[in-house]
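# Report on the structure
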Amino acid sequence: MTVDQLNPEPLWEQLAEILRQRIRAGELKPRQVLPSESHLDEHGVSRGTVRRAMQALGKQGWTVTIQGRGTYVAERDSWPAE
């Protein structure tokens, strides 16, 4: 999955959705560290876009960020109801 530069949806929302899908599919498991910003910018987006996507995931309950350690997939009971 990649970010579509021609899609009118904001890039950070597209990236956040890609990560949500990977979490739901079990590719990224609870308590697992998410890829670093430098790794995620391989999607062809800026680090600012990656940061905004990560912040959105945290606010929605998908991830937890620990200062100096990284961003981790939250426990399933923290995930939003779908």
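Rules behind the numbers
- Residues numbered from 1 in each chain as written.
- Predicted model: local features only at pLDDT ≥ 70, side-chain atom pairs only at ≥ 80, totals over all residues.
- Heavy atoms only, no water.
- Pairing = 2+ DSSP bridges.
- Helix = DSSP H or I, 4+ residues; strand = E, 2+ residues; numbered from the N terminus.
- Salt bridge = Lys/Arg side-chain N within 4 Å of Asp/Glu carboxyl O.
- Buried < 20%, exposed > 50% of the residue type's maximum accessible area, 1.4 Å probe, protein only.

### Quick word on the pairing of strand β1 (residues 63–66)
Looking along a regular strand, one sees the side chains alternate between the two faces of the sheet. Here β1 pairs with strand β2 (residues 70–73) via four bridges, running antiparallel. The residue of β2 that forms the bridge with T63 is V73. In this antiparallel pair of consecutive strands, β1 and β2, the connection spans three residues, and G68 shows a positive phi of 80°.

### Concerning unusual backbone geometry
Trans peptide bonds make up most of the peptide bonds, and negative phi angles are found at most residues other than glycine. Residue R31 is not a glycine yet carries a positive backbone phi of 75°. Relative to the helices and strands, R31 is located in the loop between α1 (11–24) and α2 (37–40).

### Digging into the pattern of salt bridges
Close approach of charged atoms lets side chains of opposite charge pair. Taken as a whole, this structure holds five salt bridges when the rule is applied. Its salt-bridge partner being E17, residue R20 comes within 2.9 Å of it at the nearest N-O pair. Of the two residues, R20 and E17 both sit in helix α1, three residues apart, roughly one turn of that helix. Exposure remark for R20: the relative accessible area of 13% places this residue in the buried category.

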